[in-house]
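Reading the structure
Spelled out from the first residue to the last, the chains are:
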Amino acid sequence: MKHIDESKINSLLNLNVSRQEIDDILKKTKLLKRLTLEESAKLLSVKDASLLEKIYDAAKHVKNAIYGKRVVMFVPLYISNLCANSCVYCGFASNNKHTVRKKLSIQEIKQETQILLKRGHKRILMVAGEMASSKENINYYVDAVKAIYDTEYKGNKIKRVNVNVAPLSAQQFKMLKQSGIGTYQIFQETYHDATYRKLHIAGAKTDPDSRLNAVDNAFKAGIDDVGIGPLLGLYDYRFEILAMLMHIEYLEKTYSVGPHTISVPRVEPAPGSVYAENPQYPICEEDFKKLVAVLRLSVPYTGIIMSTRETVQIRDTLVNLGVSQISAESKVTPGGYEDSSRHNDKLERQFSLNDQRTLNQIVQSLLSQGLIPSFCAACYRKNRTGEHFMGLAKHGAIKHICDINALVTLKEYLEDFATPEVKTLGYKLIDEHKAKLDNTSIKVLEKFFTNIDNDIRDEYI
Ligand code: SAM
Ligand code: SF4
């Protein structure tokens with residue numbers, strides 16, 4: 001597989017590491033410095049409980065220093081489960097004859113978006129299967145993105161549409177960028193070549209390099225916010241994490257900037273998939289926690305995304321250890337929001353989800369942990385993306401901007417969508433955070449807050 005040196009990774013999986021070495025690496029992380037591949041491998045090899053606690057403490061420190069208490073909220077919108085590929089772990093695989101296929105019309109996409117706007121969502125991750133014709137794919141994606149941005153509910157609109165769709169050519173990515181997308185996200189699934197070839201048995205996705213090329217094509221087309229990730233459970237997680245870090249090193253070297261986000265999805269049971277019921281490399285909770293913490297320390301400025309595949313308990317733990325973006329009240333079925341009680345949902349969904357809470361319940365849970373749910377998309381709208389964003393982030397210049405924007409979007413959510421109980425909790429948290437800001441920031445925040453009280457929405461810096 002391109003950019004991935006398997007023998008180097010394998011040699012890093014069998015290192016002998018002393019406690020002193022782990023302590024030295026953790027000292028480096030305190031300076032918010034990115035780790036080398038070897039240092040990440042050493043942290044991943046830790047099994048000792050007391051050393052693991054030290055890794056978790058370091059990850060909490062880095063998370064807090066860079067992201068503060070903010071957690072960005074988003075929701076997936078599945079527009080189609082038509083797919084020409086056969087990935088053995090996926091409910092949408094073309095050889096799964098039981099799946100009820102559905103490609104939403106533009107009108108249906110607008111209806112789904114309206115429902116999400118009514119619940120308070122501002123950031124959508126648009127998701128689709130891959131149809132055989134790449135021309136058909138790109139035209140549909142572009143129309144769908146436009147439909148989402150055009151939809152309005154009482155003056156509210158979606159602020160940022162990220163997409164997780166099939167690989168495209170550089171020319172097609174240009175069209176997608178022009179439609180106004182935020183992040184282009186694509187998972188390599190597994191970076192282990194032989195495993196990849198075994199698990200992807202039909203369609204364009206059989207070629208592992210087509211996924212890696214897609215990331216290059218996106219960068220070449222000027223999409224500088226790209227999201228990557230392995231699908232965990234397909235192969236040894238330590239290999240996958242190191243291979244992804246190797247992929248990141250390649251991107252940094254080639255484009256001067258790595259991915260904007262990384263995701264850590266784990267395989268969940270999927271309709272019609274025997275494999276997904278029993279993935280070959282299941283990851284226990286402790287290893288999962290460790291790998292998220294090690295990623296936080298390895299690439300401190302790269303956002304980490306966690307979906308509702310994970311349980312409430314794991315999500316609540318990992319938002320403190322490194323995760324910076326989470327999804328809420330997701331449906332992985334095209335049209336799933338329009339009628340969430342539809343009984344054939346089981347036959348249309350991609351896989352099972354473990355966190356079924358509403359957005360309001362998730363906001364409540366974050367607030368009660370002292371975290372700030374953020375609906376902000378200001379950086380992307382102000383062109384603070386790619387290298388520009390990373391530069392600001394590394395110099396700490398972005399932090400106070402993000403804090404103000406996050407508190408503004410939280411107040412908007414509390415006023416427009418929250419239950420009275422969540423509203424009380426939210427205002428208490430806003431007061432606590434406001435007290436920590438400097439005078440200039442407080443003045444800016446108060447001006448925005450007064451405007452919100454006067455029914456003005458969607459202001460940001
Ligand atoms: N079809 C496109 C593709 O495969 O790149 C994009 C969308 S696909 C619906 C999004 C992601 O879902 C895949 O990249 C894969 O990692 C994930 N996925 C598929 N089956 C899964 C399962 N059983 N459990 C968890 N995630 C799964
Ligand atoms: Fe199709 Fe994507 Fe599912 Fe593979 S993971 S079967 S490409 S929807």
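As the structure is a prediction and not an experimental result, all values here were calculated from the model.

**Brief notes about the layout of surface pockets**
- Within this model, the largest pocket holds a volume of roughly 250 Å³.
- Looking at the largest pocket, it is lined by 16 residues, and the ones nearest its centre are Arg-34, Glu-252, Tyr-301, Met-390 and Lys-394.
- Of the residues forming the lining of the largest pocket, the biggest block, four residues, is contributed by helix 17 (residues 386–394).
- Taken together, the residues of the lining of the largest pocket sort by class into seven nonpolar, four polar and five charged.
- Roughly 200 Å³ of volume is contained in the second largest pocket.
- As for the second largest pocket, its lining consists of 17 residues, and the residues nearest its centre are Arg-266, Val-267, Glu-268, Pro-279 and Ile-283.
- Considered class by class, the residues forming the lining of the second largest pocket number eight nonpolar, three polar and six charged.

**Structural notes on the nonpolar core**
- Formed by 136 residues in total, the largest nonpolar core has its most connected members in Met-126, Tyr-184 and Leu-291.
- Take this core: its biggest share by element is eleven residues, from helix 10 (residues 237–255).
- With sequence-adjacent residues up to four places away left out, Met-126 is seen in contact with Leu-77, Ile-79, Tyr-141, Ala-144, Val-145, Ile-148, Val-161, Asn-162, Val-163, Asn-164 and Val-165.
- Core analysis: the next-biggest nonpolar cluster, separate from the first, contains 20 residues, Cys-83, Cys-90, Ile-305 and Val-332 among them.

**Considering the pattern of salt bridges**
- Throughout the structure, instances matching the rule amount to 29 salt bridges.
- One salt bridge in this structure joins Glu-39 and Lys-28, with 2.8 Å as the shortest N-O distance. Here the residue Glu-39 occupies a position in helix 3 (residues 37–44), and Lys-28 occupies one in helix 2 (residues 19–30), the gap between them amounting to eleven residues.
- By relative accessible area, Lys-28 is classed as partly exposed at 24%.
- Salt-bridge contacts for Arg-197 lead to Asp-193; the nearest nitrogen and oxygen are separated by 2.7 Å. With a gap of four residues between them, Arg-197 and Asp-193 both fall in helix 8 (residues 193–199), about one helical turn apart.
- Of the residues examined, Arg-197 reaches a relative accessible area of 48% and is grouped as partly exposed.
- The network of salt bridges with common partners includes Arg-315, Asp-316, Asp-355 and Arg-357.

Cut-offs used in this document
- Residues numbered from 1 in each chain as written.
- Chains lettered and ligands numbered in written order.
- Predicted model: local features only at pLDDT ≥ 70, side-chain atom pairs only at ≥ 80, totals over all residues.
- Heavy atoms only, no water.
- 1 Å grid on protein atoms, 1.4 Å probe; cavity = no way out; pocket = protein on both sides within 12 Å on 5 of 7 lines; lining within 4 Å.
- Points joined across faces, edges and corners; volume = space filled by probe spheres on them.
- Helix = DSSP H or I, 4+ residues; strand = E, 2+ residues; numbered from the N terminus.
- Nonpolar A, V, L, I, M, F, W, Y, C, P; charged D, E, K, R; others polar.
- Core = buried A, V, L, I, M, F, W, Y, C linked by side-chain atoms within 4.5 Å.
- Buried < 20%, exposed > 50% of the residue type's maximum accessible area, 1.4 Å probe, protein only.
- Contact = heavy atoms within 4.5 Å.
- Salt bridge = Lys/Arg side-chain N within 4 Å of Asp/Glu carboxyl O.

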